Amino acid sequence: MSKLYSGAEIVFKCLEDQKVDTIFGYPGGAVLPIYDELKNFQSVKHFLVRHEQGAGHAAEGYARSSGKPGVALVTSGPGATNIVTALTDAYMDSVPIVCISGQVPTHLIGTDAFQECDTTGITRPCTKHNWLVKDVKDLSKVIHRAFEVATTGRPGPVLVDIPKDIQFQKTTYTKYKKQKKLNGKAQSNFKQSEIEDLIKLMSKASKPIFYTGGGVINSGPKASELLRELVSATGFPITSTLQGLGAFPAEDNQFIGMLGMHGTYEANNAMHDCDLMINVGARFDDRITGKLDEFSPKSKKVHIDIDPSSINKNVKVDLAIVGDVTEVISSTLKSIKKNKPTFTKSNKQKISKWWEKIEKWRSINSLDYINSTETIKPQYAVQRLYELTKDKDTFITTEVGQHQMWAAQHYKFNKPNRWMTSGGLGTMGYGLPAAIGVQVANPNKLVIDIAGEASVLMTMQEMSTAVQYSLPIKIFILNNEYMGMVRQWQELLHDKNYSESYTAALPDFVKLAEAYGCVGIRATTPEELDDKIIEMLNTERPVIFDCRVDKIENCFPMIPSGKPHNQMLLGPNDQKQKKITGKGKTLV
Amino acid sequence: MSKPKSAYSIPGKIGKMDTHIIVVWVDNEAGVLARVVGLFSGRGYNIESLAVAEIDSKKNLSRITIVTTGTPQVIEQIKLQLKKLVPVHKVADFKREDKQVIFKEMALLKIVGNASKTQKALNTCKKYNAVILDKTKKSVVIQITALRRDIDKVSIKLKSLGLVSASRTGAVAMTRGAEVFK
């Protein structure tokens, strides 16, 4: 007879089998048997966070920077509810997370027991799937299936809820067997004819554009390589969503910057005027499209996505290719090489006029701002940070708000998996714990959280985690004492009524750093900024960097709400600023 | 702003609304109905009626029939979103007008009144496969199977004939002929 294992042991056997070496978690009554087993499984290292939300975001940072699923372990009740934000965040941004939660013993489920909550009920809408394990015999099968669901198709979070009595009960262990057919959920069965159609559209187009998103990154590093090959072969301009940054090198001339609400003038105008839009792994999010009725009115639209439900959800497309980005691009490249070897040359001539137009838009230099010698402009701070770190393989996370947009606009990403930001859900407090996960996955790399002072306070307690495990993350706070993006909208849309967007009692971040046992640095003038950044980079411990920036700087360019792509609001240099009135007001 | 429908973008033109019958084959496991129904409520889709029961105890399969209304785009989303759920095996979609599909709903109607009234009630129901399930001197329980709209009509007519209680199922659907939906 084969050996019997307890449910708690089976959890770790499964993790070992799935090659998981890192978990983020927080113990509690209903997961104690699992925590008791931790000592017997040396291959799994546990990182103790300070709040379960931190465990979830750390798992996200780990997953997004490593390409492996992130694993979180939490207890029942508040443990489970605390991680809901992170699960929702992962669901919106398609990050593979496996969350294991403890539950009260089966005989107490439904009795409002201590620390009981309907975990599978609460997490049902924010996971790809979840399971309540009521029989220990199902446990290994369920956990393996959980990893399969999280990592295949469009990735996302899953949750396995394990009652405490199941963790004690014993049964045999079933090893993981890779299944060929995944219940039909992972789809990559596009037709060659669709690829031919795409090539036909590409060769006819005179004003084409690639619009790429996080799907390219999720498809793996190979997808980014192939995308570069395809873009350079076609000579088309390429723009990227917030999540797709890094899939194509930002410093390449064919890259025309990020698009969307705070995207560049050239990217948004090119999206509006193009005659062929090739969406690769993006989802026509409302921050991208602006006013839907006037979204890119004259173009044929192609959508490459692994999730069939993304097709025609927001924008109707002319050609849909459902499949993995790597496979679709690789087939496309093969077909071009085989059938149209002259495609590259003939095409570049055809679209030269298009490029002239784009260069004209580009010359407006929409990311420009008025610099100052007195105060640090936030854009300047991000630019200096980029210049001083670009020779290192740097990983950037962010919180949510103005600083996030400035980071996206002014930090140039040239490699995939180097940029971790909460795009879909827009979770303030994401960046610090995510940086912890990134640093765990990439021990010797430089990891910086470009933060805002309001966001970072939401999960500041995780500094304690960073100190405990000597994770030298750098928290680069663009401190303007305001919830900057809220303040900006109030200025533009609510007659400068800055209702509750100013934080009147901020902590002294340098002293706070010292209290946590890490290093605090402050910069207040532009001339000392470089030296202070270098000081931060030379510190081998975690650092909180309090960068005091201009308090009323706004993030431009901007598509005012209710406006299409070609009616952007440019920065203070632009004289044609139009005030947003009436209709647009309710639409932000 | 008179109609602040959305906090984000201007609602586009709303297309023509159609009634569809969506049939979903699912693993009969705990929470599966909540997943399907939660998907509808979470994404703001409409459910007019719902019928669900296990159809194969060996394979552990249940069949859920949902009547819904929506624009063609919404109906397409409903199908694609349903297909993404892990316990869902297949999804069929029929238009209400589809002649190739049979739709039926059942209703149990309790009529209280004297013999002449209950007889009148029975006559009203005759067209709809009426079956008497229970009969006393003062009352009768009639089972009818028909389309939703017919049952609606009958219910209104029966109001004056002593209808005191009505219990109705959601619609179930089956294709005509030898073909089976795959």
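Values in this document were obtained by computation on a predicted structure and should not be read as measured data.

S.K.: Would you mind going over the overall build of chain A with me for this structure?
M.R.: Per the secondary structure count, chain A includes 24 helices and 20 strands. Compactness check: chain A gives a C-alpha radius of gyration of 25 Å against a globular reference of 25 Å for 588 residues, within 12% of the reference. Dimensions of chain A along its principal axes, counting C-alpha atoms only, are 75 × 60 × 45 Å. At a minimum sequence separation of 6, the contacts of chain A that also span at least 24 residues come to 76%. In the structure as shown, chain A presents an accessible area of about 22900 Å², 51% of it carried by carbon and sulfur atoms. Within chain A, one finds 71 positive and 64 negative side-chain charges whose respective centroids are separated by 7 Å.

S.K.: Teacher, can you tell me more about the sheet that holds strand β1 (residues 18-27) of chain B here?
M.R.: Strands in a sheet are paired, the pairing made by backbone hydrogen bonds, and the direction either parallel or antiparallel. All names here are of chain B. The sheet built from 4 strands is open, its strands ordered β2-β3-β1-β4 with antiparallel pairing. Unpaired on one side and paired on the other, β2 (49-56) and β4 (88-95) mark the two borders of the sheet. When strand polarity is set aside, the average angle formed by the axes of neighbouring strands in this sheet is 20°. Here β1 runs beside β4; their pairing, made up of 7 bridges, is antiparallel. Across the sheet, the residue bridging to Val24 is Val91, located in β4. Against the sheet, helix α1 (residues 32-42) makes contact with β1, β2 and β3 (61-70), and its axis sits at roughly 10° relative to β3, the strand it touches most.

S.K.: I'm lost on the pairing of strand β18 (residues 474-479) of chain A in this one. Help?
M.R.: Residues and elements named next belong to chain A. Within β18, 6 of the 6 residues are buried, which leaves it mostly tucked inside the rest of the structure. Taking every second residue as pointing to the same face, both faces of β18 are buried, with Lys474, Phe476 and Leu478 on one and Ile475, Ile477 and Asn479 on the other. In terms of strand pairing, strand β17 (residues 446-452) meets β18 through 5 bridges, oriented parallel. Counterpart to Ala451 in the pairing with β18 is Ile477. Here β18 runs beside strand β20 (residues 543-548); their pairing, made up of 6 bridges, is parallel. Paired with Leu478 across the two strands is Cys547, which belongs to β20.

S.K.: Please explain the packing of helix α3 (residues 52-66) of chain A against helix α19 (residues 431-441) of chain A as it appears in this structure.
M.R.: Two measures define how a pair of helices packs: the angle their axes make with one another and the distance between the axes. Residues and elements named next belong to chain A. Relative orientation of the contacting elements α3 and α19 amounts to 45°, with a least axis distance of 6 Å. Between α3 and α19, the interaxial angle falls into the category oblique. Crossing geometry of α3 relative to α19 is assigned as right-handed. The segment α3 lies against α19, with Gly54, His57, Ala58, Gly61, Tyr62, Ser65 and Ser66 engaging Pro433, Ala434, Gly437, Val438, Val440 and Ala441. Looking at the contact of α3 with α19, its residues break down into 7 nonpolar, 6 polar and no charged.

S.K.: How do you make sense of the domain arrangement of chain B when you look at a structure like this?
M.R.: Accessible area lost on assembly of the parts is the figure often given for the size of an interface. Residues and elements named next belong to chain B. What the domain assignment reports for chain B is domain 1 (18-95) and domain 2 (101-174). A straight line from the C-alpha centre of domain 1 to that of domain 2 covers 28 Å. Of the residues lining the interface, 11 residues belong to domain 1; the matching set on domain 2 comes to 8 residues. The contact between domain 1 and domain 2 buries some 700 Å² in all, and 64% of this surface belongs to carbon and sulfur atoms. In terms of surface lost to domain 2, no three residues of domain 1 exceed Ser49, Arg63 and Phe94, which account for 41% of the buried area on that side. In this structure, the connection of domain 1 to domain 2 is made through 0 salt bridges. Counting across the domain 1 and domain 2 interface gives 2 residue pairs in polar contact (both at pLDDT 80 or more). Looking at the side of domain 1 that touches domain 2, the elements that each hand over two or more residues are β1, β2, β3 and β4.

Conventions used here
- Residues numbered from 1 in each chain as written.
- Chains lettered and ligands numbered in written order.
- Predicted model: local features only at pLDDT ≥ 70, side-chain atom pairs only at ≥ 80, totals over all residues.
- Heavy atoms only, no water.
- Helix = DSSP H or I, 4+ residues; strand = E, 2+ residues; numbered from the N terminus.
- Rg over C-alpha atoms; globule rule 2.2 N^0.38 Å.
- Contact = heavy atoms within 4.5 Å.
- Areas by Shrake-Rupley, 256 points an atom, 1.4 Å probe, with all protein chains shown as cover.
- Lys, Arg positive; Asp, Glu negative; His and termini not counted.
- Charge placed at Lys NZ, Arg CZ, Asp CG, Glu CD.
- Pairing = 2+ DSSP bridges.
- Axes fitted to C-alpha atoms, helices over the stretch in contact; angles between N-to-C directions.
- Buried < 20%, exposed > 50% of the residue type's maximum accessible area, 1.4 Å probe, protein only.
- Parallel < 35°, antiparallel > 145°, perpendicular 65-115°, else oblique.
- Left-handed = near helix turned anticlockwise from the far one by under 90°.
- Nonpolar A, V, L, I, M, F, W, Y, C, P; charged D, E, K, R; others polar.
- Domains from an automatic or database assignment.
- Buried area = accessible area lost by both parts, 1.4 Å probe.
- Salt bridge = Lys/Arg side-chain N within 4 Å of Asp/Glu carboxyl O.
- Polar contact = N/O pair within 3.5 Å; in protein donor to acceptor, adjacent residues only side chain to side chain.

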